[in-house]
2 protein chains.
Amino acid sequence: MRWKLTIEYDGAPFKGWQRQKHAVSVQEIIEQAIFTRFAETVTLHVAGRTDSGVHALQQIAHFDIARTFRPNELLSALNSALYPHPIVILQADKVSENFHARFSAIERRYVYRILNRIAPPAIEANKILHVKYPLDIAAMNDAAICLCGTHDFSAFRAKNCQAKSPIKTIYACGFTTPKESLFPDIHEFYIHANSFLYHQVRNIIGTLIEIGRGKRAVADMQAILESKKRVNAGATAPPDGLYLTKIIYPDGS
Amino acid sequence: MRWKLTIEYDGAPFKGWQRQKHAVSVQEIIEQAIFTRFAETVTLHVAGRTDSGVHALQQIAHFDIARTFRPNELLSALNSALYPHPIVILQADKVSENFHARFSAIERRYVYRILNRIAPPAIEANKILHVKYPLDIAAMNDAAICLCGTHDFSAFRAKNCQAKSPIKTIYACGFTTPKESLFPDIHEFYIHANSFLYHQVRNIIGTLIEIGRGKRAVADMQAILESKKRVNAGATAPPDGLYLTKIIYPDGS
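Definitions and limits used
Residues numbered from 1 in each chain as written. Chains lettered and ligands numbered in written order. Predicted model: local features only at pLDDT ≥ 70, side-chain atom pairs only at ≥ 80, totals over all residues. Heavy atoms only, no water. Helix = DSSP H or I, 4+ residues; strand = E, 2+ residues; numbered from the N terminus. Buried < 20%, exposed > 50% of the residue type's maximum accessible area, 1.4 Å probe, protein only. Contact = heavy atoms within 4.5 Å. Buried area = accessible area lost by both parts, 1.4 Å probe. Salt bridge = Lys/Arg side-chain N within 4 Å of Asp/Glu carboxyl O. Polar contact = N/O pair within 3.5 Å; in protein donor to acceptor, adjacent residues only side chain to side chain. Nonpolar A, V, L, I, M, F, W, Y, C, P; charged D, E, K, R; others polar. Least-squares fit on C-alpha atoms with pLDDT ≥ 70 in both.

## Some details on unusual backbone geometry
Going from Tyr83(A) to Pro84(A), the amide bond is cis rather than trans, its omega being 5 degrees. When you line up the elements, Pro84(A) lands in the loop between α2 (73-82) and β4 (87-95). In the Ramachandran plot, Ala39(A) falls in the positive-phi region, its phi being about 55 degrees despite a non-glycine side chain. In this structure Ala39(A) comes out as exposed when scored by relative accessible area, which is 60%. Phi at Lys228(B) is positive, roughly 60 degrees, even though this residue is not glycine.

Next comes the structure, spelled out in structure tokens:
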């Protein structure tokens, strides 16, 4: 039986999604929870291998298991085994053997959250990037437009990126400022693509923040992209503000 | 010199605002920070004495201090002294001796946040009330209408409440569901009043949740209010979802 899990997690305490020898990963905690409850060793295959400290609102992973479950048995058993780790299973669906969390996915969506005020966050520490300098969000939004479409994103690619090609397609990106939000001074940068290079979103954000602070011009973004040189782009923004929000599959799920 | 502080805090690690002998309070931490930086012992007077575990987005407090400050000196000195406690000073304003954080305040606003889905929160643990049973938010909203206006709120008053009178005036209350929010399945109950009785908001929420689950009828809310008997209302909801959002003063600040 193949199962698809929809997963929410706070990335702060973990060294990213992927299992590692000397650090605790989200993958390891969930695989352990499955073993604890059902005494089967499984391997999770994930849609978006989030980096250390990056959060997920709807991460998708699949695994195969011999055992059968009553409705909701898997969901509630896993959530009680995962507690008190900040990882929860939002949904567990039986899927066909043709479904693959990573290879079936056609689109990944991320949001990067920025708190733009003098005081640091008390309530959302580790959940948002704090920028104390005034940001020109309209300029950052204008600068981001040139990223849409299919481009060689070498300028925003981390050195140790393992992707075969630096060419990715951005379907949409830009800033929104949540309306009627309880928490003011928050700006969200959304970016949707077929897939992403290692540190791509954080390198884009690091560059946009320099534009927002007036250290670079709006037109620089296009020039940086076209240069295809990482050295021309800004610093890598911290993981705190980054959320994997949605994975899209061909059936629209 | 009298100073007015606008304060944000995560209430989870504290035994409420008020200084206590055997537990750590928000008041104690801020008074200590002032002493650490400026070697003066001050007493903070607060607008809303939040209870253990209750959060604040814009709490207001004032204190008197002999020393004078350069612009922003107080703000940055306090925030660095407060770190890593989840308490930040958003603003520090010099005010006249006529200003009193508690007695000058004419309105207090709170929001109670509810996450209504099967899975518990991974990202907002301690920051929201998780209700796994389906809630009829429209029914809860209808039930809350009767609270608006001036009433005897004895039915929602905790036993050890020290207020002289159980009569309070609710200026507005109801549910909103944030639009375009990154975090789905969240409902917010806002309530504005001249002031509140001890546990009043949490007792109202506890009762509304029973109505939302269909355990009580919408019309019961009015009957409970009129009975003036605490025993007729629902259980006290946990502090996790409660936020003091705003204090209003006569000058509109």
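## As for the interface of chain A and chain B
Contacts between the two partners involve 30 residues from chain A and, on the opposite side, 30 residues from chain B. Summed over both sides, the interface of chain A with chain B buries roughly 2400 Å², with 66% coming from carbon and sulfur. Contact with chain B buries surface across chain A, with Ala122(A), Ile123(A) and Leu182(A) losing the most and accounting together for 27% of the total. Inspection of the chain A/chain B interface yields two salt bridges. Between Arg117(A) and Glu8(B) there is a salt bridge, with the nearest N and O atoms lying 2.7 Å from each other. On inspection of chain A and its partner chain B, the count reaches six residue pairs in polar contact (both at pLDDT 80 or more). No other element matches β4(A), which puts four residues into the side of chain A that touches chain B. Classifying every residue of the side of chain A that touches chain B gives 19 nonpolar, three polar and eight charged.

## Thoughts on the relation of the copies chain A and chain B
With an axial shift of 0.0 Å and an RMSD of 0.0 Å, the rotation relating chain A to chain B amounts to 180 degrees. Expressed as a symmetry operation, the mapping of one chain copy onto the other fits a two-fold axis. Residue Lys179(A), judged by its C-alpha, is the member of chain A lying nearest the rotation axis, at 3.5 Å. Both copies present the same face, since 100% of the interface residues in chain A are matched by interface residues at the equivalent positions in chain B.

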